[in-house]
Protein chains: 2
Amino acid sequence: MEKHRSAPTLDDVAKMADVSTATVSRCLNSPDRVVEATRKRVLTAIETLGYTPNFAARVMAVKRSFTIGAIIPTMENAIFARGLQSFQEELHQRGYTLLVSSSAYKPEIEEEQIRTLIARGADGLLLIGHDRDPKIYDFLSQRKIPALVAWSYLPDSKLPSIGFDNRAAMFDLASHVIGLGHTQIGVISGLVDGNDRARLRVQGIRDAVSSSGLEAGNLTLVETSYEIENGAKAFRDLMNADPPPTAILCGNDVLAAGALRQAQEMGLDVPGHVSITGFDDIELARIVSPALTTVHVPHREMGRKAALQLVEMVENQTAGTGEQLSTRIVNRPSLGKPALG
Amino acid sequence: MEKHRSAPTLDDVAKMADVSTATVSRCLNSPDRVVEATRKRVLTAIETLGYTPNFAARVMAVKRSFTIGAIIPTMENAIFARGLQSFQEELHQRGYTLLVSSSAYKPEIEEEQIRTLIARGADGLLLIGHDRDPKIYDFLSQRKIPALVAWSYLPDSKLPSIGFDNRAAMFDLASHVIGLGHTQIGVISGLVDGNDRARLRVQGIRDAVSSSGLEAGNLTLVETSYEIENGAKAFRDLMNADPPPTAILCGNDVLAAGALRQAQEMGLDVPGHVSITGFDDIELARIVSPALTTVHVPHREMGRKAALQLVEMVENQTAGTGEQLSTRIVNRPSLGKPALG
DNA sequence: TTGTATGCGTTATCAG
DNA sequence: CTGATAACGCATACAA
């Protein structure tokens, strides 16, 4: 009968090196506090045994997990991938591990994930956007869990945030589009319920429309979930309006890519017949043809800074200041002047 | 001075409900073993205290973490996203949490991640592809950690695998391309070192070339890492050959998208001047224009089945049988007959 | 510099 | 049906 060999423990190492468990522990955590000779002995014991510290035990002992949790709306497209990648790289450098889960844009799932992550001992949390049940904020503050919001900056929010001004970014883009002479504006927005980024982007468009003297009636809007197919379908619907829009502003690049594809299937030239813009500036925006005019979001910078700030909050028990990042319009061929009427 | 309120424990609940910790624990884990009245009392105590079980403590006690770790080469593009999503959905349904980390296609990072995940008590591991240092396999089997490989099926491998035959899939596609009359074949492959999928795909092309009577000289190959820009650059290089290829087979859709973009920038019609194919059939393949002929990989099915099998391996201490999934060629406009020559 | 002893929050065994 | 109590593996205050 074979002996079931489970993971070696501190005790096994201690026995083999003929020291106490405390010494072994010290060898790992403060090597300078143990003399060269014994340390060497311990280290070889660790090596030959293939010892790895048991994480759960360590967490229990130090009451810190060196784990940061992040909950993003979706992993299915690249919107959050790049930012998260740099977030995790930065965390890794500081000795933290990232735990990611996705909520599928569902508030109740996000809430469950938050609890799971906390139960797992996450030292801090990264959340996307500000819209959520107030009781979650209460829970977080009661438990004193440092949390940071990304992808949306608001100056006076419950949680500090690192991100950009979604309203202003879209306001600028919409103003630019209107400045080119477009008067019939179509909008393909993501679902705004529970999604402040989507809501603020729409608001930015509305503000641009009214501040440039256009009527609200010049604006038609379709709201749909962020999937390429939905972008295509929304485009079809919008183009049925009379008069049809000459420019369609999409809530993100994924929707814009769907709209673009649909335009091509309908034989409509972009931007000759209709202009299309995106938001995010993910790789997709450069790949489609014509490439998308879009709003560039500094994903990597956002991820990196979020990591730095969150670690700071965790380690020094500080509140976190947040930071507003700036976006910029990237002009590409999908946007042009409207055809002469 | 404010009192530092940390998470309530089993003990707090027990006190409030005036029972022992054992009873509280039972209420959570085997509710039927405690009588209605006390259970209700305990449950309300849990509710009012906002109690959440401490994960680390639970792990220590049961020596199971209900956590599955997955290490994927990259999170930056959608290649693994969809499969991982269904993997995690299925795991979630069975009460497991997924821990993801990415290795950036670097073997040494993958190894480190494996150790981290195991130290964190992962009950099982999902790895991508078969190529890795043998000592990792030894480590895994010594520690008796169930592990499963995905994205590449091999019948006789160290670890059971759920995936497809990369060689055969690419063989079929290449044969199809050659069948259309192409004789000058260009290949843009991912880096094959440490990547059996990439290696086998190239092998499939070579086999197709030789079995269809073409000379090896009809095939030119560029090897590069999986990034869009590199696909573009490789395309440029390949088209410098004399004679230039009439069809370019790419190791995945990302490289193909890069090649496609480059073709457009060079004013070359696809497929009129040169055909381009991808591999994976991620969303990108349908978005670019012309849409890519590619090999469809059943990502969702693969993820789901991997989850089922891995959980089975974990819970019943079984070895895992693996399963070969089938791929199919998806014909789209990026592939056509070669121009008459 | 090193060892001893204790606590971290749960589950599980064994009595009652 | 419920309550003590012993693990689980590690870190650390305190002693030596």
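Residues numbered from 1 in each chain as written. Chains lettered and ligands numbered in written order. Predicted model: local features only at pLDDT ≥ 70, side-chain atom pairs only at ≥ 80, totals over all residues. Heavy atoms only, no water.

Under an unreviewed UniProt entry, the name given to chain A is HTH-type transcriptional repressor CytR, and the organism recorded is Ruegeria atlantica.

A. The arrangement of the nonpolar core in detail. Counting residues in hydrophobic clusters, the biggest one holds 148 residues, and the most contacted among them are A:Phe87, A:Phe235, A:Ile276, B:Phe87, B:Phe235 and B:Ile276. Apart from residues lying up to four places away in sequence, A:Phe87 is in contact with A:Ile68, A:Ala70, A:Leu98, A:Leu126, A:Gly303, A:Arg304, A:Ala306, A:Ala307 and A:Leu310. Membership of the second largest hydrophobic core comes to 32 residues, among which are A:Leu99, A:Leu117, A:Ala147 and A:Leu159. (Core = buried A, V, L, I, M, F, W, Y, C linked by side-chain atoms within 4.5 Å. Buried < 20%, exposed > 50% of the residue type's maximum accessible area, 1.4 Å probe, protein only. Contact = heavy atoms within 4.5 Å.)

B. Looking closely at the domain arrangement of chain A. Residues and elements named next belong to chain A. On domain assignment, one finds that chain A holds domain 1 (12-51), domain 2 (65-164 + 299-325) and domain 3 (166-297). Across the contact, 17 residues belong to domain 2 and 17 residues belong to domain 3. A combined buried area of about 1300 Å² lies between domain 2 and domain 3, and 54% of that area is made up of carbon and sulfur atoms. By the criterion of area lost to domain 3, the three top residues of domain 2 are Asp131, Phe164 and His299, representing 44% of everything that side buries. (Domains from an automatic or database assignment. Buried area = accessible area lost by both parts, 1.4 Å probe.)

C. A look at the sheet that holds strand 8 (residues 247-250) of chain A. Residue and element names in this part refer to chain A. Strand order in this open sheet of 4 strands is 7-6-8-9, and the pairing throughout is parallel. Since the sheet does not close on itself, it has two edges, and those belong to strand 7 (219-223) and strand 9 (275-277), each with one partner. Across the sheet, the mean angle separating the axes of adjacent strands is 15° when strand polarity is ignored. With 5 bridges connecting them, strand 6 (residues 185-189) and strand 7 associate as parallel partners. Looking across to strand 7, one finds that Ile185 is bridged to Leu219. Those strands touched by helix 8 (residues 166-179) are strand 6, strand 8 and strand 9, and its axis lies near 170° from that of strand 8. This element, helix 11 (residues 253-265), spans strand 6, strand 8 and strand 9 of the sheet and lies at about 160° to strand 9. (Pairing = 2+ DSSP bridges. Helix = DSSP H or I, 4+ residues; strand = E, 2+ residues; numbered from the N terminus. Axes fitted to C-alpha atoms, helices over the stretch in contact; angles between N-to-C directions.)

D. Layout of the relation of the copies chain B and chain A. The operation relating chain B to chain A is a screw motion whose rotation component is 180°, with 0.0 Å of axial translation and a residual RMSD of 0.0 Å. Between the two chains, the operation in question is that of a two-fold axis. (Least-squares fit on C-alpha atoms with pLDDT ≥ 70 in both.)

E. View of the protein's contact with DNA strand C. Of all residues adjacent to DNA strand C, which total 26 residues, the nearest are A:Thr23, A:Thr38, B:Leu10, B:Ser25 and B:Tyr51. Counting only the atoms of DNA strand C that lie within 4 Å of the protein, the sugar and phosphate share comes to 66%. A distance of 3.0 Å separates a phosphate oxygen of DNA strand C from a polar backbone atom of A:Ser20. A distance of 2.7 Å separates a phosphate oxygen of DNA strand C from a polar side-chain atom of B:Tyr51. Contributing elements (two or more residues each) for the surface near DNA strand C: helix 2 (21-29) and helix 4 (55-62) of chain A together with helix 2 (21-29) and helix 4 (55-62) of chain B. Considering every element that reaches the surface near DNA strand C, the biggest residue donor is helix 4 of chain B, with 5 residues. Of the residues in the surface near DNA strand C, the class split is 14 nonpolar, 8 polar and 4 charged. (Near = heavy atom within 4 Å. Polar contact = N/O pair within 3.5 Å; in protein donor to acceptor, adjacent residues only side chain to side chain. Nonpolar A, V, L, I, M, F, W, Y, C, P; charged D, E, K, R; others polar.)

F. Layout of the pairing of strand 2 (residues 97-102) of chain B. Residues and elements named next belong to chain B. Burial within strand 2 is extensive, with 5 of its 6 residues counted as buried. Here strand 1 (residues 67-72) runs beside strand 2; their pairing, made up of 6 bridges, is parallel. Paired with Ile72 across the bridge in strand 2 is Ser102. Considered for its hand, the β-α-β crossover made up of strand 1, helix 5 (residues 81-93) and strand 2 is right-handed. (Right-handed = clockwise from strand over helix to strand, strands pointing away.)

G. Structural view of the interface of chain B and chain A. With 52 residues of chain B at the interface, the matching set in chain A holds 52 residues. Of the roughly 4500 Å² buried between chain B and chain A on both sides combined, carbon and sulfur atoms contribute 50%. Considering only the surface of chain B that becomes buried against chain A, B:Glu76, B:Arg120 and B:Ile287 emerge as the three largest contributors, covering 16% of it. At the junction of chain B and chain A, the tally comes to 2 salt bridges. The closest approach of N and O atoms between B:Arg286 and A:Glu229, which form a salt bridge, is 3.3 Å. Run the count over chain B and chain A and you get 15 residue pairs in polar contact (both at pLDDT 80 or more). Of all the secondary-structure elements, those providing two or more residues to the side of chain B that touches chain A are helix 4, helix 5, strand 2, helix 6 (107-119), helix 7 (134-142), helix 10 (228-239), helix 11 (253-265) and helix 12 (283-287) of chain B. The residue makeup of the side of chain B that touches chain A, split by class, is 23 nonpolar, 15 polar and 14 charged. (Salt bridge = Lys/Arg side-chain N within 4 Å of Asp/Glu carboxyl O.)

H. Representation of the pairing of strand 4 (residues 147-150) of chain A in the model. All names here are of chain A. Residues of strand 4 alternate between two faces, with Ala147 and Val149 on one and Leu148 and Ala150 on the opposite face, all of them buried. In the sheet, strand 3 (residues 124-128) pairs with strand 4 via 4 bridges, with the strands oriented parallel. Within the sheet, the bridge partner assigned to Leu126 lies in strand 4 and is Leu148. Handedness of the crossover is the feature at issue here: the chain leaves strand 3, passes through helix 7 (residues 134-143), returns alongside strand 4, and the resulting connection is right-handed. As paired strands, strand 4 and strand 5 (residues 161-163) are joined by 2 bridges and run parallel to one another. Residue pairing across strands places Val149 opposite Ser161, the latter belonging to strand 5.

I. The protein's contact with DNA strand D, seen in detail. Contacts to DNA strand D come from 26 residues, most closely from A:Leu10, A:Tyr51, B:Thr23, B:Arg26 and B:Val34. When atoms of DNA strand D within 4 Å of the protein are sorted by moiety, sugar and phosphate together comprise 68%. Measuring from a base nitrogen of DNA strand D, one finds a side-chain N or O atom of B:Arg26 at 2.9 Å. Separating a phosphate oxygen of DNA strand D from a side-chain N or O atom of B:Thr38 is a distance of 3.0 Å. Put simply, the parts of the chain that give the surface near DNA strand D at least two residues each are helix 2 and helix 4 of chain A together with helix 2 and helix 4 of chain B. Among the elements that line the surface near DNA strand D, the one with the most residues is helix 4 of chain A, at 5 residues. In terms of residue class, the surface near DNA strand D is built from 14 nonpolar, 7 polar and 5 charged.

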